[in-house]
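Observations on the three-dimensional arrangement
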Amino acid sequence: MRMKLVGVGGATAMAALRVATGAGNWFSALALGVTLLKCLLIPTYHSTDFEVHRNWLAITHSLPISQWYYEATSEWTLDYPPFFAWFEYALSHVAKYFDQEMLNVHNLNYSSSRTLLFQRFSVIFTDALFVYAVYECCKCIEGKKAGKELTEKPKFILSALLLWNFGLLIVDHIHFQYNGFLSGLMLLSIARLFQKRHMEGAFLFAVLLHFKHIYLYVAPAYGIYLLRSYCFTANKPDGSIRWNSFSFVRLISLGLIVFLVSALSLGPFLALNQLPQVFSRLFPFKRGLCHAYWAPNFWALYSALDKVLSVIGLDDKRFGSAVPAHSPSLSDSLGHPYLHSDRHLGPRGFLRCLILCALSSFMFGWHVHEKAILLAVLPMSLLSVGKAGDASIFLILTTTGHYSLFPLLFTAPELPIKILLMLLFTIYSISSLKTLFRKEKPLFNWMETFYLLGLGPLEVFCEFVFPFTSWKLKYPFIPLLLTSVYCAVGITYAWFKLYVSALSDPPVGKTKKQ
């Protein structure tokens, strides 16, 4: 039944697209089509994150602010920054008109049809910010020279890659989270920097940090770019810094934005002498290096190798003790090939650096969740329509990263849905970008093609073969292990290619005053 609904939704979306493109309003058609699909996904499986956010609604609605970060009736305590807590508070005042019982802190694991509808529609409604951010990003891209057909235009392709992103669809509208709303803030801040509206971009990013602190991973990219392109007001003809052009007024104005946003967010808890408690919730360092399901990163490869060595009798405690404690400086330095350079690389250089920060933190971060790959995939979409090399990296990263999200949806009814949606998105991504860059060399070499095709047999084994083997009872973790390690290879490869491209990216030549 769910597959039939999704199929009908896809047909409806395509019909809407044909009507709107005939009238020239293709962006609205893409947004409307994906919104209809999101509505059809309302009755699908939802994860424990559904209860997490219901509990946060109850906490912020029922308790005074002084108890928000102390309340522990549920195991799902509030562990997002204050702006997100206020976001839940605002939602709770709408939620009470749907089902007042969902706002009772003691109603653990409470669920009702009205609660389901409210929470699902709250995600769909707040995605409006993401849609607007995509629209603004489309104004900023240059891409290749547009083809005659609408579907060959870089702006159309980018809109489809972002609005219909498979990862966002399953993580937000099946699994359940608010990544679209948060990603909208990030994309809008990126768009403002492309438009040289630096103060707005800085403000939006500062606000974003106080909604979800995972975006601290990309903060160094913002800091360096704003310092380089806004505080230094002029460049030499070769693109290097004109040191005497530094503006202390602009630096102070940026600092003031960060200070005021932080004061608005953290000020009430500072007044209550609760900042240590807030930070203890935001940064629970007692958690282990790897999540229960290994995110497909360096640590997945490391852990798998360590396990293999122990099984074959080559376990070495010295090897095991070599795991370093996570330091932000590791991920930050890996994400900054421009850190010791005074080259001016412009907004595209900033975007590449931001993606490297996100991907490096995903690769080497502490207790990384698999969903964090979206932090790199979404902004990488903007680069994919500009150069063939970036399109290749995007396709490898996105296809592998999206497949690594499959274990999030482990229920049988969602199996055909996730396979169908990923196939549709992947086929469109590859075909549209191949068409866009058809006059250049192929996007994949034979090795990359072989690797990506290997995802098919891996899925067949994990979903259709392994459950019928005798290993299922003794080694139930094997499908997760294979998925994590196989995807880690592809994501590591994409990270390496992106890093090389960043180092070889030519600086912007003679630039005008910023």
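First, a word on scope: everything that follows refers to the structure included in this document. Along each chain, the written sequence defines residue order, and numbers are assigned to residues from 1. Only residues with pLDDT of at least 70 get local features here, since the model is predicted, and only at 80 or more are side-chain atom pairs given and counted; chain-wide, interface and lining totals rely on the full set of residues. The side-chain numbers reported here are obtained from all heavy atoms of the structure, hydrogens and water having been left aside.

**Topic: the overall build of the chain**
What counts, and what does not: Secondary structure elements follow DSSP: runs of H or I of four or more residues count as helices, runs of E of two or more count as strands, with numbering from the N terminus. Note on exposure labels: buried denotes an accessible area under 20% of the residue type's maximum, exposed denotes more than 50%, and partly exposed covers the range between, all computed with a 1.4 Å probe on protein chains only. Should any heavy atoms of two residues lie within 4.5 Å, those residues are considered in contact. Accessible surface area values rest on a Shrake-Rupley calculation with a 1.4 Å probe, where residue burial reflects the displayed protein chains alone.
Along the chain, the regular secondary structure elements total 23 helices and 0 strands. Considering the chain as a whole, with its 514 residues, one finds that 54% of them fall into the buried category. Taking all contacts inside the chain whose residues are at least 6 apart in sequence as the whole, residues at least 24 apart take part in 76%. When the accessible surface of the chain is totalled, it reaches about 23,100 Å², and 68% of it is carbon and sulfur.

**Side note on the packing of helix α10 (residues 219-231) against helix α11 (residues 248-271)**
To keep it simple, the criterion reads: Orientation is described by lines fitted to C-alpha atoms, with helices fitted over the stretch in contact, and by angles between N-to-C directions that extend from 0 to 180 degrees. The hand of a helix crossing depends on one turn: near helix anticlockwise from the far one by less than a right angle means left-handed, and clockwise means right-handed. Amino acids are sorted into nonpolar (Ala, Val, Leu, Ile, Met, Phe, Trp, Tyr, Cys and Pro), charged (Asp, Glu, Lys and Arg) and polar (every other residue, Gly among them).
Contact pair α10 / α11: the axes reach a minimum separation of 10 Å and the direction vectors enclose 140 degrees. In this structure, α10 meets α11 at a crossing whose hand is right-handed. In this structure, α10 uses Leu 226, Leu 227, Tyr 230 and Cys 231 to contact α11, whose residues at the interface are Arg 250, Leu 251, Ser 253 and Leu 254. The class makeup of the residues in the contact of α10 with α11 is 6 nonpolar, 1 polar and 1 charged.

**Observations concerning the nonpolar core**
The cut-off we apply is this: The nonpolar core is taken to be a set of buried Ala, Val, Leu, Ile, Met, Phe, Trp, Tyr and Cys residues, with the residues joined through side-chain atoms within 4.5 Å.
By size, the foremost hydrophobic cluster in this structure holds 145 residues, and its most contacted members are Leu 187, Ile 190, Phe 211, Tyr 222, Leu 397 and Leu 433. The element best represented in this core is helix α16 (residues 346-364), accounting for 12 residues. Excluding residues within four positions of it along the chain, Leu 187 makes contact with Phe 130, Ala 133, Val 134, Cys 137, Leu 162, Pro 379 and Leu 382.

**Examining the packing of aromatic side chains**
Put simply, the test is: Ring pairs are drawn from Phe, Tyr and Trp, using the six-membered ring of Trp, whenever the two centres fall within 6.5 Å, and their geometry is named by plane angle: stacked under 30 degrees, edge-to-face over 60, tilted for the rest.
In this structure the tally under the stated criterion is 39 aromatic pairs. Arranged with centres 5.5 Å apart and planes meeting at 55 degrees, the rings of Trp 26 and Phe 156 form a pair that is tilted. One end of the pair, Trp 26, is in helix α2 (residues 26-40); the other, Phe 156, is in helix α6 (residues 154-163), and 130 residues separate them in sequence. The pair Trp 26 / Phe 156 is uniform in exposure class, with both members buried. Relative to Phe 84, the ring of Trp 56 lies with its centre 6.1 Å away and its plane at 80 degrees, an arrangement referred to as edge-to-face. Note that Trp 56 is positioned in helix α3 (residues 49-62) and Phe 84 in helix α4 (residues 82-95), a separation of 28 residues in sequence.

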